[in-house]
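# Residue-level structure breakdown
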Amino acid sequence: MTVEPKIVLELPLSDEGLLPAFVETCLARNVSLIAVVGEGCRRIEDEIDALIVGDGSDDSRFITTSSHPGETLDQVVEFATGWWINAEGPTEVVRL
């Protein structure tokens with residue numbers, strides 16, 4: 001049995017153009033959560049959601065996302081580590 005990772009995406013992004021490939025990689029890896037932290041996290045979460053959903057024709061494209069304005073990286077890592085869907089899965093901090 002494979003264990004799906006949980007991702008904490010720390011902003012700012014070095015290049016927003018990297019976001020589509022990042023989302024596709026997360027989908028391919030069966031990531032269960034992408035939690036976004038840092039300045040502008042709500043907007044980036046919305047962009048990630050749009051990339052996941054696409055035109056809406058493929059309902060297998062699903063990842064739970066969350067944004068955490070005003071929270072620290074440590075707080076969001078703690079949240080992701082305890083994510084109820086996969087509490088034992090690894091949590092990775094990603095910077096793009």
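The shown structure was predicted, so the numbers you read here are calculated from the model rather than taken from an experiment. (Residues numbered from 1 in each chain as written. Predicted model: local features only at pLDDT ≥ 70, side-chain atom pairs only at ≥ 80, totals over all residues. Heavy atoms only, no water.)

## Digging into the sheet that holds strand β4 (residues 91–94)
Taken in spatial order, the four strands make up an open sheet running β3-β2-β1-β4, and their pairing is parallel. Two strands bound the open sheet, and with one partner strand each, they are β3 (64–67) and β4. Recorded for the sheet is a direction-independent mean angle of 20° between the axes of neighbouring strands. In the sheet, strand β1 (residues 6–10) pairs with β4 via four bridges, with the strands oriented parallel. Across the sheet, Lys6 pairs through a bridge with Thr91, a residue of β4. On the sheet, helix α3 (residues 73–81) packs against β1, β2 (33–37), β3 and β4 and is oriented at approximately 165° with respect to β1. (Pairing = 2+ DSSP bridges. Helix = DSSP H or I, 4+ residues; strand = E, 2+ residues; numbered from the N terminus. Axes fitted to C-alpha atoms, helices over the stretch in contact; angles between N-to-C directions. Contact = heavy atoms within 4.5 Å.)

## Points about the environment of Ala80
Considering the arrangement of structural elements, one finds Ala80 in helix α3. Each C-alpha atom of the pair Ala80 and Ile63 lies 13 Å from the other, and the pair is 17 residues apart in sequence. Those residues in contact with Ala80 that sit more than four places away from it in its chain are Lys6, Val8, Leu33 and Thr91.

## Notes on the nonpolar core
Among the nonpolar cores identified, the biggest contains 19 residues, and Leu9, Leu19, Phe22, Ile34, Val36, Ile44 and Ile48 are the most heavily contacted of them. Per-element accounting of this core gives the leading share, five residues, to helix α1 (residues 19–28). Ignoring anything within four residues of it in the chain, the contact list for Ile44 reads Leu9, Leu11, Leu13, Glu16, Leu19 and Val36. Counting residues in each nonpolar core, the second largest holds seven residues, with Val8, Leu33, Ala80 and Trp83 among its members. (Core = buried A, V, L, I, M, F, W, Y, C linked by side-chain atoms within 4.5 Å. Buried < 20%, exposed > 50% of the residue type's maximum accessible area, 1.4 Å probe, protein only.)

## Quick word on the state of the cysteines
The final tally for this structure, using the stated rule, is zero disulfides. Take Cys26: it sits in no disulfide, and the sulfur closest to it among the cysteines is that of Cys41, at 16 Å. Relative accessible area serves as the criterion here: at 2%, Cys26 is assigned to the buried category. (Disulfide = S-S within 2.5 Å.)

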